[in-house]
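Results of the structural survey
What follows is the residue order along each chain.
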Amino acid sequence: MILVGWNYRGVGQPRTVRVLKDVIRSQKPDLLFLSETLAVRNKIEALASKLGFTNFFSVDRVGRSGGLVIFWKHNMSCAVMSSSQNHIDLEVKEGRNLCWKLTCFYGFPERERRQESWDFIRSLASSSQLPWCIFGDFNDMLYLEDKKGKHLHPQRLLNGFKSAIEDCNLSELELKGGNFTWEKSKGTSDWVREKLDKAFATDSWWHMFPLCTLSVSHTIVSDHDPINIELVNTVISKKQFRFKFENTWLKEAKFQTKVAEFWKSLPAVHLLPKLISISSFMAEWGRTFFHKFREKVSKQKEIIEGLKDREDDDGIHLYFEEKEKLDFEEEIKVMDAQNDMLTANLTFKEFTEAVRSMHPDKASGSDGLNRAFFQYFWKLVGREVYQCCQQWLEEYNVEECKDLRPIALCNILYKIVVKVLANRFQQILHVLILDEQSVFVPGRNITDNVLVAFEVLRHMKRKNSGQEGEVALKLDISKAYD
């Protein structure tokens, strides 16, 4: 069984959700505790679905702070005993006759309220006689070595926290993988690191899990790092997956060549055996491809871990440099050739094509002239329109909203310029707009969304087995592109 606790600092950012998914994939927790979620129940429900957990219990935020949540898998038998803004108490059942208490804790961050935290821990200890483990972000320290920075932690706070732990007959689990779980202002003169996230247990709990371990892992978001309690050696059973072709393979330069070489090497037999053989080949290629990618990520994490505790300027610079490499956010770039095309001088041919492509019967401008006039008399007025528009683009700069006029007052000359610029920009639009966007790009159609929705509902209707159901949410997107 694996328990993970993390001061997550908000669940609303896509980047932090992506990192959380990465933590779950790598550590495979049976129970996940998040503090400072800054969220309410409906957001937690959505997050549970994204993370693949079937059970959860949450404590809503108060104002713009706080919020706790516990997710656990169906293989765990958990019952919530009590909760508050600072804790969630669970009764965990192991087998038929084995029971113990788990407290997921978040201590008051204000120094003046530390005594409240200590007294609260004492009250939790007296609330049950079950073997007990408490872990989370205590916002407190036991020893001077738990902090590294400019100022020492006050001795009175160290003594107060240590007294509370001793009164509850708790022993600390030794932290592996690093000495600290929180840091601030890395790379500056105010850099401080502290061991705020901990785990404690009673003797009776230690007898149940004598080989348990506590470790910390590094992430690229949040100033806290997640801690991991492993109670037993967990063996992950491998599932058998059917082969499915992945479109992302097509983006790999060597993939097409490899497939072609393998196909040509197959004996001249019936088509079906050849398709089976090529499917097996691509499945193996896909496993190797993703394995290499995971190795690359793991290696990069090891580099970051090695640089994390360096305090010299070169080490700090390398730390941030290597940390950026771990963010695989897709970056959209305009190539130099495309940029040259966008910034090149406009030609008379572009103006001619723009005018001809405009609908002649649309509304006229404020001067009463419509598109049909310019199309019919283009040979007469075209050169002067081109020269005038060129002069506007070269000399007139828009700096404030007052430099622009309302669209109702725009004449056809303005619309010709806009059409010319739009036609040029359209040539690279497919690079800037992601594949998931189904409009604005030639060759894409908004009705593709209808087809996807139909296929999803058809799949849900045909699914009549399994323990987990599915639900679809219909949103009104009629104004999505206005």
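Structural data are supplied above this passage.
The sections below set out a description of the structure shown in this document. No experiment lies behind these values; they were computed from the predicted model shown.

1. Examining the nonpolar core
- Leu3, Trp100, Leu102, Phe135, Ile229 and Leu231 are the most contacted members of the largest nonpolar core, which totals 31 residues.
- Looking at this core, the elements with two or more residues in it are β2 (31–35), β4 (68–72), β6 (87–94), β7 (98–106), β8 (132–137), β14 (197–201), β15 (213–216) and β16 (227–230).
- If one sorts the elements of this core by residue count, β7 sits on top with four residues.
- The residues contacting leucine 231, other than those within four sequence positions of it, are Met1, Leu3, Trp100, Trp205, Phe209 and Cys212.
- With 23 residues, the next largest nonpolar core counts Ile2, Val11, Ile24 and Phe53 among its residues.

2. Side note on helix α13 (residues 412–425)
- With 14 residues, α13 should reach 20 Å at 1.5 Å per residue; the first-to-last C-alpha distance of 20 Å fits that figure.
- Of the positions making up α13, those classed as buried are Ile412, Ile416, Val417, Val420 and Arg424. Buried residues of α13 fall within an arc of 150° about the axis and therefore sit on the same side.
- Residues of α13 that are buried in the fold lie against α9 (336–343), α10 (348–357), α11 (371–376) and α12 (378–395).
- Here α13 starts with a cap whose side-chain oxygen sits 3.3 Å from the backbone nitrogen of leucine 413, and that cap is asparagine 411.

3. Focus: the packing of aromatic side chains
- Overall, the coordinates contain 22 aromatic pairs when judged by the stated rule.
- Ring centres of phenylalanine 255 and tryptophan 285 lie 4.8 Å apart, and the angle between their planes is 55°; on these two criteria the pair is classed as tilted. With phenylalanine 255 in helix α6 (residues 255–265) and tryptophan 285 in helix α7 (residues 271–307), this pair connects stretches of sequence that are 30 residues apart. With respect to class, phenylalanine 255 is no different from tryptophan 285; both count as buried.
- Their ring planes at 10° and their centres at 4.4 Å tell us that phenylalanine 262 and phenylalanine 281 sit as a pair that is stacked. Here phenylalanine 262, found in helix α6, pairs with phenylalanine 281, found in helix α7; they are 19 residues apart in sequence, far enough to count as distant.
- Taking relative accessible area as the criterion, phenylalanine 281 reaches 22% and is therefore assigned partly exposed.
- Of the aromatic side chains, those joined through ring pairs into one cluster are Phe105, Phe120, Phe138, Phe161 and Phe200.
- Taking the ring centre of tryptophan 132 as reference, the NZ or CZ of lysine 101 above it sits at 4.7 Å.
- One Lys or Arg, lysine 186, reaches over the ring of tyrosine 319 and ends 4.0 Å from the middle of that ring.

4. Thoughts on the packing of helix α3 (residues 114–125) against helix α4 (residues 155–167)
- Taken N-terminus to C-terminus, the directions of α3 and α4 make an angle of 10°; their axes are 9 Å apart at the nearest point. In terms of orientation, α3 and α4 fall into the roughly parallel class. On α4, the residues that touch Arg114, Trp118, Ile121 and Arg122 of α3 are Arg156, Leu157, Gly160, Phe161, Ser163, Ala164 and Asp167.
- Here the residues of the contact of α3 with α4 are counted per class, giving five nonpolar, two polar and four charged.

5. Some details on the sheet that holds strand β9 (residues 147–148)
- Across the sheet, which stays open at both edges, the three strands sit in the order β9-β13-β12 with antiparallel pairing between neighbours. Looking at which strands have only one partner, the edges of the open sheet turn out to be β9 and β12 (182–184).
- With three bridges connecting them, β12 and strand β13 (residues 192–194) associate as antiparallel partners. The residue of β13 that forms the bridge with tryptophan 182 is glutamate 194.

6. Quick notes on the side chain of aspartate 140
- Its place among the elements puts aspartate 140 in the loop between β8 and β9.
- At 2.8 Å, the side chain of aspartate 140 and the side chain of tryptophan 118 are in polar contact.
- Setting aside chain neighbours within four positions, we find aspartate 140 in contact with Arg114, Trp118, His153, Leu157, Phe161, Lys195, Leu196 and Lys198.

7. Remarks on a nonpolar patch on the surface
- Side chains of Phe243, Phe245 and Leu250 sit close together on the surface and give an oily, nonpolar patch of about 280 Å² of accessible area.
- Topologically, phenylalanine 245 is positioned in the loop between β16 and α6.

Cut-offs applied
- Residues numbered from 1 in each chain as written.
- Predicted model: local features only at pLDDT ≥ 70, side-chain atom pairs only at ≥ 80, totals over all residues.
- Heavy atoms only, no water.
- Core = buried A, V, L, I, M, F, W, Y, C linked by side-chain atoms within 4.5 Å.
- Buried < 20%, exposed > 50% of the residue type's maximum accessible area, 1.4 Å probe, protein only.
- Helix = DSSP H or I, 4+ residues; strand = E, 2+ residues; numbered from the N terminus.
- Contact = heavy atoms within 4.5 Å.
- Expected span 1.5 Å × (residues − 1).
- Arc of directions from axis to C-beta.
- Polar contact = N/O pair within 3.5 Å; in protein donor to acceptor, adjacent residues only side chain to side chain.
- Phe/Tyr/Trp six-rings, centres within 6.5 Å; stacked < 30°, edge-to-face > 60°.
- Lys NZ or Arg CZ within 6 Å of the ring centre and 35° of its normal.
- Axes fitted to C-alpha atoms, helices over the stretch in contact; angles between N-to-C directions.
- Parallel < 35°, antiparallel > 145°, perpendicular 65-115°, else oblique.
- Nonpolar A, V, L, I, M, F, W, Y, C, P; charged D, E, K, R; others polar.
- Pairing = 2+ DSSP bridges.
- Patch = residues over 30% accessible without salt bridge, like charges linked within 9 Å, V, L, I, M, F, W, Y side chains within 5 Å.
- Areas by Shrake-Rupley, 256 points an atom, 1.4 Å probe, with all protein chains shown as cover.
- Salt bridge = Lys/Arg side-chain N within 4 Å of Asp/Glu carboxyl O.

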